[in-house]
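Descriptive analysis of the structure
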Amino acid sequence: MKGWIILALLAGALYYLYTKTDKLDAPIAAAQDIVHKIQHKLDSMTGTQIIKIDKKVAQARQDILERLSSTELAEFNKIPLTTDAIADFKEQYCGPNATKHPVFSRDNLLYICDNL
């Protein structure tokens, strides 16, 4: 019974320190920094899959570049080949409710959407 009371008092004290003071800000920041370092380390250890994806995008880019006209090529080079940028491009210009691209022809736009 006394163990539960001590645990409740300890939890209450921690809650007070966390919500009403800035005493735990430094330890929390240090713990978050350690978690970020661990995540970075894990990401760097499992980087082979990322390399495979980048090679696939690079090969798709080469195939697309061979099809495009000079104006389409200049427009395509403005698109960064990151995962987020490709997803944004596909969301805006690919799919049934997509808007028509001002530079790419319909066939080239479909080819880009299919291969990126």
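All values reported here derive from a predicted model rather than from experimental measurement.

Right, let's get into the overall build of the protein. Broken down by element type, the protein carries 6 helices and 0 strands. Taken against the 2.2 N^0.38 rule, which gives 13 Å for 116 residues, the C-alpha radius of gyration of the protein at 26 Å runs more than 25% over that of a compact globule. By principal-axis analysis of the C-alpha atoms, the protein measures approximately 75 × 35 × 25 Å. Out of the 116 residues belonging to the protein, those deemed buried represent 18%. Counting only carbon and sulfur atoms, one obtains 60% of the accessible surface of the protein, whose full area is about 9400 Å². One finds the centroid of the 14 positive side-chain charges in the protein at a distance of 6 Å from the centroid of its 14 negative side-chain charges.

Averaged over all residues, the pLDDT of the protein equals 79, while 92% of them reach at least 70. Mean pLDDT in the protein bottoms out at helix H3 (residues 48-67), which sits at 68, and peaks at helix H1 (residues 2-20), which reaches 86.

Attention now moves to the packing of aromatic side chains. A complete count under the given rule lists 2 aromatic pairs for this structure. With a centroid separation of 6.3 Å and 85° between ring planes, the pair formed by Phe-89 and Phe-104 is classed as edge-to-face. Taken as a pair, Phe-89 in helix H5 (residues 83-93) and Phe-104 in the loop between H5 and helix H6 (106-115) lie far apart in primary sequence, 15 residues in all. Residue classification places Phe-89 among the buried residues on the basis of a relative accessible area of 8%. Among the aromatic residues, those joined into a ring-pair cluster are Phe-89, Tyr-93 and Phe-104. Between the NZ or CZ atom of Arg-67 and the centre of the ring of Tyr-111, over which it lies, the distance is 4.2 Å.

Packed helices, taken two at a time, are described by the angle between their axes plus the distance between the axes. Running from N to C, H5 and H6 cross one another at 135°; their axes reach a closest spacing of 10 Å. What the angle tells us is that H5 and H6 run oblique. By crossing handedness, the relation of H5 to H6 is classed as left-handed. In this structure, H5 contributes Phe-89, Lys-90 and Tyr-93 to the contact, and H6 contributes Leu-109, Ile-112 and Cys-113. Here the contact of H5 with H6 is composed, by residue class, of 5 nonpolar, no polar and 1 charged.

Below, the discussion takes up a nonpolar patch on the surface. A surface patch of nonpolar side chains, amounting to about 420 Å² of accessible area, comprises Ile-34, Ile-38, Leu-42 and Met-45. Position of Ile-38 among the secondary structure elements: in helix H2 (residues 25-45).

Our focus in this paragraph is the environment of Lys-90. Topologically, Lys-90 is positioned in helix H5. In sequence terms Lys-90 and Leu-109 are 19 residues apart; their C-alpha atoms lie 9.9 Å from each other. For Lys-90, the contacting residues outside a window of four places in its chain are Cys-113 and Leu-116.

How each quantity is defined
- Every residue gets a number counted from 1 within its own chain, in the order that chain's sequence is written.
- Per-residue local features are limited, in this predicted model, to residues with pLDDT of at least 70; the limit for side-chain atom pairs, both in listing and counting, is 80 or more; totals at the level of whole chains, interfaces and linings are taken over all residues.
- Where side-chain values are given, they derive from all heavy atoms of the structure, hydrogens and water being excluded.
- By definition, any uninterrupted DSSP run of H or I lasting at least four residues is a helix, any uninterrupted run of E lasting at least two residues is a strand, and each is numbered from the N terminus.
- Each radius of gyration is computed over the set of C-alpha atoms, and the globule rule expresses the reference value as 2.2 Å times the number of residues to the power 0.38.
- Here's how the labels work: a residue is buried when its accessible area is under 20% of the maximum for its type, exposed when over 50%, partly exposed in between, all with a 1.4 Å probe on protein chains only.
- Working definition of accessibility: Shrake-Rupley area with a 1.4 Å probe, residue cover restricted to the visible protein chains.
- Residues counted as positive are Lys and Arg, residues counted as negative are Asp and Glu, and His and the chain ends are not counted.
- To locate a charge, take atom NZ for lysine, CZ for arginine, CG for aspartate or CD for glutamate.
- A score between 0 and 100, pLDDT records how confident the predictor is in each residue.
- For Phe, Tyr and Trp, rings pair up if their centres lie within 6.5 Å, where Trp contributes its six-membered ring, and each pair is then called stacked (planes under 30 degrees apart), edge-to-face (over 60) or tilted (otherwise).
- By definition here, charges over rings are those cases where NZ of Lys or CZ of Arg is within 6 Å of the ring centre and within 35 degrees of the ring normal.
- Axis angles are defined between N-to-C directions and span 0 to 180 degrees, where every axis is a line fitted to C-alpha atoms and, for a helix, only to the segment in contact.
- Note on terminology: angles under 35 degrees are roughly parallel, angles over 145 are roughly antiparallel, angles of 65 to 115 are roughly perpendicular, and the others are oblique.
- Less than a right angle of anticlockwise turn of the near helix away from the far helix marks a crossing as left-handed, whereas a clockwise turn marks it as right-handed.
- Residue contacts are counted whenever heavy atoms from the two residues lie within 4.5 Å of one another.
- By the convention adopted, Pro, Cys, Tyr, Trp, Phe, Met, Ile, Leu, Val and Ala count as nonpolar, Lys, Arg, Asp and Glu as charged, and the other residues, Gly among them, as polar.
- What makes a patch is a set of residues exposed beyond 30% relative accessible area and free of salt bridges, joined within 9 Å when like-charged and within 5 Å when nonpolar (Val, Leu, Ile, Met, Phe, Trp, Tyr).
- Take a side-chain nitrogen of Lys or Arg and a carboxyl oxygen of Asp or Glu: if they are within 4 Å of each other, that pair is a salt bridge.

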